[in-house]
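One-letter residues, chain by chain:
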Amino acid sequence: MGVCDSSKKEKNYDLNMESRTNRIASIKKISSYKNLNSFQIDYNNLIGKGAFGKVYLGKIKKTGKEVAVKIEPKNSNYSYISNEIKIFEKLKGGFGIPKIYWSGNNKNNYILIMEKLGPSLQKVFYHYNQKFSLSMIKNIGIKILNILEFIHKKDIIHGDIKPGCFLIDNYKDFNIYILDFGFSREINKITGLPLESKSSFIGDFTYASKNLFLGLPASKRDDIISLGYMLIYFLK
């Protein structure tokens, strides 16, 4: 919940403390609650983990509503959550974007609290014994294309498209949400290329486009290609 399923990733990023501090400050604009004391975190209930850290089940004290709590140690070489902070500020309220309840940091960790959703598309695929109907794959593809269209219009590329990064709300409604913007980048409106000139490989090796393996800068095109690979995976 609230984290991509584990995969191999390159993490050759430079740490920029000033930039990270600014990103932490900006996320408070999209928080629905004033402080961390509004939530109860169950550290005995781990519901996900990834390259950045762990996700625990939590709840809003006032209402009892369950939430997903992403926690990342401050001693990590690259802060995935601080990058998500910046991206969520630009995407808040958008189609297929989960609701953020609170974000910030304490003495040891960066914390991001969001709505608790259902299983990832990877888990849904297993639930159906790894057999999706053609109409279901078409439905998934259209919904994700709409989500990516919204993100790309905001001049952002996700950079890590794969089944584990999409969650549904429930099996009945089957609304799809996109998560985990730790590898996402803002792009230049004119060139369509990332504003930050990082040359290291990003994303999942299984679904990455050939362009990324060739060392070319990531672009909107690569998100779409990765989606194509993902849909082919569902066709197997």
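Draft legend 1. Inspection of the nonpolar core at higher detail. By size, the foremost hydrophobic cluster in this structure holds 46 residues, and its most contacted members are L121, I140 and F234. Secondary structure elements with two or more residues in this core: helix 2 (80–91), strand 5 (109–115), helix 3 (121–127), helix 4 (134–153), strand 7 (166–168), strand 8 (176–178) and helix 6 (220–235). In terms of residues, this core owes the most to one element, helix 4, which gives eight residues. In this structure, L121 is in contact with F132, I140, I144, P163, F166, I168, F174, I176, M230 and F234, ignoring residues within four places of it in sequence. Counting residues in hydrophobic clusters, the runner-up holds 11 residues, among them I41, I60, I71 and I111.

Draft legend 2. Representation of the packing of aromatic side chains within the structure. By the definition in use, this model includes 12 aromatic pairs. Ring geometry for Y80 against F183: centres 5.2 Å apart, planes inclined by 65°, an arrangement best described as edge-to-face. With Y80 in helix 2 and F183 in the loop between strand 8 and strand 9 (185–186), this residue pair connects regions lying 103 residues apart in the sequence. The class for F183 is buried, based on a relative accessible area of 3%. A connected cluster of aromatic rings, assembled from ring pairs, spans F125, Y128, F132, Y171, Y207, Y233 and F234. The ring of Y110 has K74 lying over it, and the distance from NZ or CZ to the ring centre is 5.7 Å.

Draft legend 3. Summary view of the confidence of the model for the protein chain. For the protein chain, the mean per-residue pLDDT works out to 84, and 81% of the residues sit at or above 70. Within the protein chain, no element has a lower average pLDDT than helix 1 (residues 17–27), which sits at 42, and none a higher one than strand 8, at 98. Scored below 50 in pLDDT, residues 6–29 shows 50 contacts in the model against residues more than four places distant or in partner chains.

Draft legend 4. Representation of a nonpolar patch on the surface within the structure. Among the surface-exposed residues, L134, Y229, I232 and L235 lie close enough to one another that they form a single nonpolar patch of about 430 Å² accessible area. Per-element accounting of the nonpolar patch gives the leading share, three residues, to helix 6. With respect to the helices and strands, L235 occurs in helix 6.

Draft legend 5. Just the pairing of strand 1 (residues 39–49), in detail. Strand direction decides the pairing type here: strand 1 and strand 2 (residues 54–60), joined by seven bridges, are antiparallel. Bridging from a neighbouring strand, I41 pairs with G58 of strand 2. In this structure, the hairpin formed by strand 1 and strand 2 is closed by a connection of four residues.

The rules behind these values
Residues numbered from 1 in each chain as written. Predicted model: local features only at pLDDT ≥ 70, side-chain atom pairs only at ≥ 80, totals over all residues. Heavy atoms only, no water. Core = buried A, V, L, I, M, F, W, Y, C linked by side-chain atoms within 4.5 Å. Buried < 20%, exposed > 50% of the residue type's maximum accessible area, 1.4 Å probe, protein only. Helix = DSSP H or I, 4+ residues; strand = E, 2+ residues; numbered from the N terminus. Contact = heavy atoms within 4.5 Å. Phe/Tyr/Trp six-rings, centres within 6.5 Å; stacked < 30°, edge-to-face > 60°. Lys NZ or Arg CZ within 6 Å of the ring centre and 35° of its normal. pLDDT = per-residue confidence, 0-100. Patch = residues over 30% accessible without salt bridge, like charges linked within 9 Å, V, L, I, M, F, W, Y side chains within 5 Å. Areas by Shrake-Rupley, 256 points an atom, 1.4 Å probe, with all protein chains shown as cover. Salt bridge = Lys/Arg side-chain N within 4 Å of Asp/Glu carboxyl O. Pairing = 2+ DSSP bridges.

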